Amino acid sequence: MREIGFGIRPIETKELILGHLFTRATLSKECGGNTQDTFPKVNSTFTAQHGYTRFMCPSLDYNPLAPQIPGAPGLYFALRDKKRWPEPNEIVITRYAANEWNVMGNYEMKQSAPLTGEEFQRLPEIVRKTWVKNVTSNFNGWGAFTLAAIHLRRERGCEPSITDIQRQVDKGKSHREFLQNKVSSAAIQEAFRSGEEKINVWTMKCVGYDERFKRKLLPVNLLREAGVKEEEEEADHHASNSENLGLHTAAGRKRETPSEDVIASRKRPRRSKAIIPTFIELSDSDVQDGEGGGSDDSDEYKPKSRRKHGM
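Residues numbered from 1 in each chain as written. Predicted model: local features only at pLDDT ≥ 70, side-chain atom pairs only at ≥ 80, totals over all residues. Heavy atoms only, no water.

### Some remarks on the sheet that holds strand E1 (residues 74-78)
Consideration 1: One open sheet accounts for four strands, arranged E1-E4-E3-E2; its pairing is antiparallel. Both outer strands of the open sheet, E1 and strand E2 (89-97), are each paired with one neighbouring strand and no more. When strand polarity is set aside, the average angle formed by the axes of neighbouring strands in this sheet is 50°.
Consideration 2: Relative to strand E3 (residues 100-111), E2 runs antiparallel, the two being bridged by eight bridges. Residue pairing for E3: Glu 90 is matched across the bridge by Tyr 107. (Pairing = 2+ DSSP bridges. Helix = DSSP H or I, 4+ residues; strand = E, 2+ residues; numbered from the N terminus. Axes fitted to C-alpha atoms, helices over the stretch in contact; angles between N-to-C directions.)

### With respect to unusual backbone geometry
Consideration 1: Despite not being glycine, Asn 99 shows a phi value in the positive range, around 65°.
Consideration 2: Along the chain, the position of Asn 99 falls in the loop between E2 and E3.

### A look at the environment of Ile 93
Consideration 1: With respect to the helices, strands and loops of the structure, Ile 93 is situated in strand E2.
Consideration 2: Here Ile 93 falls in the buried class, since its relative accessible area comes to 0%.
Consideration 3: C-alpha separation for the pair Ile 93 and Leu 27, spaced 66 residues apart in sequence, amounts to 9.6 Å. (Buried < 20%, exposed > 50% of the residue type's maximum accessible area, 1.4 Å probe, protein only.)

### Some words on the packing of aromatic side chains
Consideration 1: All chains considered together, the criterion is met by seven aromatic pairs.
Consideration 2: Members of the aromatic cluster, each reached through a chain of ring pairs, are Tyr 52, Phe 55 and Phe 213. (Phe/Tyr/Trp six-rings, centres within 6.5 Å; stacked < 30°, edge-to-face > 60°.)

### Focus on the confidence of the model for the protein
Consideration 1: When the pLDDT values of the protein are averaged, the result is 77; 70% of them are 70 or greater.
Consideration 2: The secondary-structure element of the protein with the lowest mean pLDDT is helix H12 (residues 230-234), recorded at 52, while helix H2 (residues 24-31) shows the highest, at 97. (pLDDT = per-residue confidence, 0-100.)

### What about the pattern of salt bridges?
Consideration 1: The final tally for this structure, using the stated rule, is ten salt bridges.
Consideration 2: For Glu 159, the salt bridge goes to Arg 153, with nearest N and O atoms at 3.0 Å.
Consideration 3: Put simply, Arg 167 and Asp 164 hold a salt bridge, and the shortest N to O gap is 3.4 Å. With a gap of three residues between them, Arg 167 and Asp 164 both fall in helix H7 (residues 162-170), about one helical turn apart.
Consideration 4: Look at Asp 164 and you get buried, because its relative accessible area is 18%. (Salt bridge = Lys/Arg side-chain N within 4 Å of Asp/Glu carboxyl O.)

### Some points on helix H8 (residues 173-182)
Consideration 1: When H8 is considered as a whole, its buried residues turn out to be His 175, Arg 176 and Leu 179. Relative to the axis of H8, the buried residues are bounded by an arc of 100° and lie together on one face. What points out from H8, more than 90 degrees from its buried face, is the exposed set Ser 174 and Asn 181.
Consideration 2: Where the residues of H8 are buried, they touch helix H6 (144-156) and H7. (Arc of directions from axis to C-beta. Contact = heavy atoms within 4.5 Å.)

### Considering the packing of H6 against H8
Between two packed helices, what matters for the description is the angle formed by their axes and the separation of those axes.
Consideration 1: Orientation of H6 relative to H8, taken along the N-to-C sense of each, is 65°, at an axis distance of 9 Å. Note that H6 runs across H8; the crossing there is left-handed. Contact residues: H6 offers Ala 144, Leu 147, Ala 148, His 151 and Arg 154, while H8 offers Arg 176, Phe 178, Leu 179, Gln 180 and Lys 182.
Consideration 2: Residue composition of the contact of H6 with H8, grouped by class: five nonpolar, two polar and three charged. (Left-handed = near helix turned anticlockwise from the far one by under 90°. Nonpolar A, V, L, I, M, F, W, Y, C, P; charged D, E, K, R; others polar.)

### Points about the pairing of E1
Consideration 1: The element E1 is largely enclosed, with a buried count of five among its five residues.
Consideration 2: Bridge analysis of E1 against strand E4 (residues 200-208) gives five bridges, and the strand direction is antiparallel. Across the sheet, residue Tyr 76 finds its bridge partner in E4, namely Trp 202.

### Focus on H2
Consideration 1: Where H2 is concerned, the buried positions are Arg 24, Leu 27 and Cys 31. Buried positions in H2, seen along its axis, are confined to an arc of 65° and lie on one side of it.
Consideration 2: Against helix H3 (44-50), E2, E3 and helix H10 (211-215) lie the buried residues of H2.
Consideration 3: At the exit of H2 stands Gly 32, carrying a positive phi of roughly 100°.

The following block contains the structure:
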């Protein structure tokens, strides 16, 4: 995390727009994508309107260190089946609680070192239980690779190869059901705790904010209260606050570079039971191909605790 910095990216957007929370149903209706997937695909009709072919919608149940303030940095967790990130940049929409979602911004994803066993143990108990439970329940999907690896390791007494793991998964649904029954929840937790099975980590650095996209998720009365005129809503030159960092729409249109004259500091939207993330700080060796340097200015996010190579 230290390599991408703890600073919150300044966003030139009114707080009424920036802090508005919405439901997944609203996101699906206004911008496309289903209401369940972490990476819902968007059909061509909606893509033509806003330029995105999919969204990234992390839940704090799985990813307690995902961005929770628009423009803030974060971390994303995934299991061994995700080898590389398919998109260099994602529009991130974080779930705070049931029916409470918000747009965090456009993020650059870079792979970091996986969690160690000690770091897994220091995650909140509810997060550890969520990962263990859902490895089993997703035996026919992303959990299959972890189940196969644990089974082969216990059966052979050595570290299985990627090829052998893939063969186990490819044997079909009946064999994956066998793996689900063969590998207990206690065995999954022990594999994470010991570090035999690792949760992969990606750093999330905000590189822009698409205000035009967020406006689509606000009711008309709030847009009027925010002083957004109809002609502003339709004008392309108000498309986003993204910097000229290579963020493109599907049609190849590069998003406009914002003025740097105004820097707006922001607070997280007010709500009950606010979740304040405790970020992991990664050492120099943890981040692969990361960009250096964090900000020391007054906008910097102050986590409760940091670590170097350990949480």
